[in-house]
Amino acid sequence: MRLTRALLACGALAGPLFIVLVLIQDYTRPGIDPRRQPLSLLSLGDLGWIQIGNFVLTGVLYVAFAVGMRRVLGSGRGGTWGPLLIGTFGLGLVTVGIFRTSPGWGYPQGAPAGLPTDISVSYVVHGVGFAVLFASLVAACSVFARRFAALGERRWAVICAVAGVALPAIYVLSGVLSERGENSQPLSLLLRLMAVVGWGWASLLAVRLRRETCPAR
């Protein structure tokens, strides 16, 4: 039980850790403007190792959370697909950390003012990793919305359902308002909002499941 609680605590820590490290970099990194540069660009430049580590560490923490989730849910509702999807989400984060995006939107210095023009293997794999983590996270919201609804936990069912609708809505809105990435301001801000909503939901879920491991009094 102690190990399970520690694994679930990894998930509770992951989201806040990721968001805080991004915020610190947004307002201390020379040349970065969070209103213009998507957060993946933080992986570039001399200090890029910080965001690479942030992606990878957060991903590993969510994979650990998935293991703890499996131990809690077992063969119950959501016990198979929930951990699998959260684990895939974590692996997607590790992938986008290892495979960096290409320079663009004016960062680093000398980069194109608009979309990246260097379509490297790393850039492509980074995009695939993002697609995998995003799809896995949205699917996990659906799995847990159904789980909590079946258990009669209406509030949590609504939280999961709202997150599952909000994430793709934010993604579509970012594409429309940014004119498919040409206008970096809505893209940058909405992608950061997506991380707050998605990563935050996953960490709240970890806190909620951790309560199930508390011994009855």
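Please refer to the structure higher up on the page.
Thresholds, definitions, all that
- Residues numbered from 1 in each chain as written.
- Predicted model: local features only at pLDDT ≥ 70, side-chain atom pairs only at ≥ 80, totals over all residues.
- Heavy atoms only, no water.
- Disulfide = S-S within 2.5 Å.
- Buried < 20%, exposed > 50% of the residue type's maximum accessible area, 1.4 Å probe, protein only.
- Helix = DSSP H or I, 4+ residues; strand = E, 2+ residues; numbered from the N terminus.
- Contact = heavy atoms within 4.5 Å.
- Phe/Tyr/Trp six-rings, centres within 6.5 Å; stacked < 30°, edge-to-face > 60°.
- Lys NZ or Arg CZ within 6 Å of the ring centre and 35° of its normal.

> Quick question: what am I supposed to make of the state of the cysteines here?
Here a disulfide denotes one covalent bond, and it connects the sulfur atoms of two cysteines. According to the stated counting rule, one finds 0 disulfides in the structure shown. Take Cys 141: it sits in no disulfide, and the sulfur closest to it among the cysteines is that of Cys 160, at 6.5 Å. By relative accessible area, Cys 141 is classed as buried at 1%.

> Would you explain the side chain of Ser 136 in this entry?
By the secondary structure assignment, Ser 136 is in helix H4 (residues 121-150). Under the relative-accessibility criterion, Ser 136 is labelled buried at 7%. Apart from the residues within four sequence positions on either side, Ser 136 is in contact with Leu 85, Thr 88 and Phe 89.

> I would appreciate a short explanation of the packing of aromatic side chains in the present structure.
Each aromatic ring pair is specified by the distance between its two centres and by the angle formed by the two planes. The full count for this structure, using the stated rule, is 10 aromatic pairs. Pairing Phe 130 with Phe 134 gives two aromatic rings, centres 6.0 Å apart and planes at 15 degrees, and the pair type is stacked. Separated by 4 residues within a single helix, Phe 130 and Phe 134 lie in helix H4, roughly one turn from each other. On the accessibility criterion, Phe 130 (25% relative accessible area) is partly exposed. We classify Phe 134 as buried; its relative accessible area is 15%. Each ring, one from Phe 148 and one from Trp 156, has its centre 5.6 Å from the other, and the planes form 40 degrees; the classification is tilted. Accessibility expressed as a relative area gives 8% for Trp 156, which makes it buried. Taken together, the ring pairs connect Phe 18, Phe 55, Tyr 62, Phe 89 and Trp 199 into an aromatic cluster. Above the plane of the ring of Phe 148 lies Arg 147, whose end atom (NZ or CZ) is 5.3 Å from the centre.

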